[in-house]
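Summary of structural features
What follows is the residue order along each chain.
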Amino acid sequence: MIRARPDQRIVFAPRSHQAFDRGVNAIALAVRPTLGPVTRLVAVERGIRTISPELLDDGASIARRITSLGDPAIDSGAMYLRGLLWRVHEDAGDATATAAAIFTAALAEGRRAVAAGIPAQPLRAAIEREAESVVAAIAAQATPVAGEAMLRAMATATSNDPELAFPIGEALDVVGAYGQIDLRKGSPHGSTLEFVAGSFWESMLLSTPVFTDLVRQRTEIANPRILLTNLDLESPSDLIPVLETARADDEAGGLLVVCTAISPAVAGFLHANSDTERWPILVARTPAIDQAGALADLALLTGATPLLKEAGMSLATWHPSLLGSARTAWSTRTQMGIVSGGGDPAAIRSHVEALRGRCDPRSLDSGAIALRERLGRLYGMSATIRIGGATDAALTHRMAVAERTIRVLRGALQRNAEAGGVVPGGGVALLRAWEASAPHLDDGGDIETAARRVIRQALTAPAGAILENAGYPVPSTLARLRAAPPGSVFDVTRGCVVDALAAGIVDPAHVVTAATRRALHAAALALTIDVLLHSGDGTISVSPEGRA
Amino acid sequence: MTAAPTGFTAHEIVWSPDRPRDGTGFVVSEDRSLLVSRDGGASWEPAFHAVPGAKSLPVTAIAISPGLVQDGLVLAGIPGGVGRSRDRGMRWDFAPLPGHLPLVTCLLVVAGEAGPLLLAGTLEDGVARSVDGGETWAFWNGGLFDHQVTALNRDDERGIVTAETPSGVYASTNGGRSWHPHPEGS
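Below, the structure is looked at part by part. On a predicted model such as this, the values are computed, not experimentally measured, just so you know.

1. Side note on the interface of chain B and chain A
The extent of an interface is frequently quoted as the accessible surface area lost upon association of the parts. Counting from both sides, the interface comprises 23 residues of chain B and, opposite them, 21 residues of chain A. Summing both partners gives a buried area of about 1,800 Å² for chain B against chain A, and 51% of it is carried by carbon and sulfur. On the chain B side of the interface with chain A, the three residues burying the most area are H100, F145 and R177 of chain B, jointly 40% of the side's total. On inspection of chain B and its partner chain A, the count reaches 3 salt bridges. Inspection of the chain B/chain A interface yields 9 residue pairs in polar contact (both at pLDDT 80 or more). Here the side of chain B that touches chain A takes 3 residues from strand 15 (residues 168–172) of chain B, the largest share from any one element. Each residue belonging to the side of chain B that touches chain A can be placed in one class, and the counts come to 9 nonpolar, 10 polar and 4 charged.

2. A closer look at helix 11 (residues 345–358) of chain A
Counted at 1.5 Å a residue, the expected span for helix 11 of chain A with its 14 residues is 20 Å, and the 20 Å between its end C-alpha atoms agrees. When we look at burial in helix 11 of chain A, the residues that qualify are P345, I348, R349, V352, L355 and R356 of chain A. End-on, the buried residues of helix 11 of chain A take up no more than an arc of 130°, which puts them together on one face. In helix 11 of chain A, those exposed residues whose orientation departs by more than 90 degrees from the buried face are G357 and R358 of chain A. Tucked into the core, helix 11 of chain A has its buried residues touching helix 10 (291–302) and helix 12 (366–379) of chain A together with strand 15 and strand 16 (180–181) of chain B. At the N-terminal end of helix 11 of chain A, a side-chain oxygen is found 3.1 Å from the backbone nitrogen of A346 of chain A, two or three residues along, and the residue is D344 of chain A.

3. Observations regarding the pairing of strand 13 (residues 151–155) of chain B
Residue and element names in this part refer to chain B. Across 5 bridges, the pairing between strand 13 and strand 14 (residues 160–165) is antiparallel. Each residue of the ladder has a partner; that of D155, found in strand 14, is I160. Linkage of strand 13 to strand 14, two consecutive antiparallel strands, is achieved through a turn of 4 residues, within which G159 is found at a positive phi near 70°.

4. Examining the sheet that holds strand 4 (residues 45–46) of chain B
All names here are of chain B. The strand order across the open sheet formed by 4 strands is 1-2-3-4, and the pairing between neighbours is antiparallel. Since the sheet does not close on itself, it has two edges, and those belong to strand 1 (10–15) and strand 4, each with one partner. Bridging between strand 3 (residues 34–37) and strand 4 involves 2 bridges; their strand directions are antiparallel. Across the sheet, the residue bridging to L35 is P46, located in strand 4.

Each value, and the rule that gives it
Residues numbered from 1 in each chain as written. Chains lettered and ligands numbered in written order. Predicted model: local features only at pLDDT ≥ 70, side-chain atom pairs only at ≥ 80, totals over all residues. Heavy atoms only, no water. Contact = heavy atoms within 4.5 Å. Buried area = accessible area lost by both parts, 1.4 Å probe. Salt bridge = Lys/Arg side-chain N within 4 Å of Asp/Glu carboxyl O. Polar contact = N/O pair within 3.5 Å; in protein donor to acceptor, adjacent residues only side chain to side chain. Helix = DSSP H or I, 4+ residues; strand = E, 2+ residues; numbered from the N terminus. Nonpolar A, V, L, I, M, F, W, Y, C, P; charged D, E, K, R; others polar. Expected span 1.5 Å × (residues − 1). Buried < 20%, exposed > 50% of the residue type's maximum accessible area, 1.4 Å probe, protein only. Arc of directions from axis to C-beta. Pairing = 2+ DSSP bridges.

Written out as structure tokens, the structure reads:
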């Protein structure tokens, strides 16, 4: 006997399957226009009709804006796919529409198999086994990423915005997978790129601002000596030995003090001893974000030994050897930087290698972001892209697209990754992965054969959707592709078969493998859901195995 | 041409790729003077003799273009900048490097379709790069953790340039715009 609270509703198969699939299809259709180079946007109303809608072209964000389709049973399928797309976004940063196409095709073919008598649980296991073979076949097609042209092509493929792809490709070619790229709003006329030499931190200027470069509001010191501490400097007399040592050094062109705070007396003392033209003294606040990491990196770059409050150190224990150096130090009101620090190059190199070993350039985790920022500073060159946009909506959209594109390309550039590099784009890597295992379609029993048919439908779906979106006939175009040499893709913008690498129609391998693996596993699991349970308040439980 | 100076020791010597025909070579002597020969080394004269005020300018490095026959490009490192000749060392002009008087330790000219790529290694400031024939220079030190550059080389086979430093060798695959540790030089 089945019992349920009066405010709960239980939906059994086959109605549960129909409702679930309707929800899945609704989300899949919403993100489908964004697949391929001939994409269209989805405009999302912001709740206030007098402001312009949000323009989206990534499946995860579009799906995330959909919170209900009205019927809780239909919602179950929609939210299941929505969750999958967000996971793909977190994992890979892109290819969410590809994942949706794979998922829906696999689910539909799986439903047919189950309807024909194949048991769902063994089918799930078989699909999951096949999925791993497919992922390996995709990874085997990967080619290492090399050169600005390929990066620009990848950026174009990811962003569908050639004007934006140009500076992104160039910036990543210079700063690499771990480098620092700042995105800022620029002029409406277009995007610009500039590179900043050296390392810099967000850091308030504590000394009296007297700028040597009045236009840029910036003071520069040639060959500075550098004092690092997280102490508050309160007594001018404590600083006298520091100042005397730095002044006695004939090669020193000024002094940079990095500390947490200074008293008015210290500010006055340093101002009185500073000569902006000939021997400037700058006092910058110790970077507030990840202070320990920033001090450690500054120390390594400059060769200074920081005076740390936590270690019980003070200026009374100060020694001349604690001072660091650089070829140049600079400061604005909000930033402080150094160029060509006097630290031990071998130590910096091994420190960077150690940090890289701990850093995932694709991760959105706050710890990973902080680590990436440290690596970006240590790299010694950063890029700033000023993004243009004709309207606020266009600008916001392009900023989001640029962020996503950079993240995807960082992943492709990462060395020693599980599946670094690029594979042929346009869904062709999936087609080729299928072809690698196609000869074995009817090997094994009914369950294995059914699983392979599911995989075949799933891996064909993204290429089909891209061709459909661009207005090409799917069966005949796929036939042309199959007859083409390995590494060929169909260029939907020109209507011909071309070499993927030469034409720059490529996708990051890690993105394709992540989307494929997650979509196939999620579809396999979804096939085992028979019962939907939802309560009156709209919350839903999805039971994978759950017959009452 | 004056007679060959006697008693000088060559610190660095470079020859024209067309030496059998033009006999052109440059020497940086131990006292950092730049000398030029037009007769295959039989005689030498100061290269800057025609440059007002530059006759005694110390030269820290010298490089000639692999396409010297076509472009006549010769580079000479001087304190804080690079001297450039586009007529095989007859006339010279000078361009400063950015920063605080960088000292050039080595120079490299890499032929390219869009014109030669010029690189200058320095004692403390890393590698400066010029893509406009030496008019302007900028430092590109991303990934180069050691800024004491002792030698620059090109590896045409692999399409890379390398920078030697006391702590190891770095390579660049994008014409000196970024660097990474070179496995063979670690």
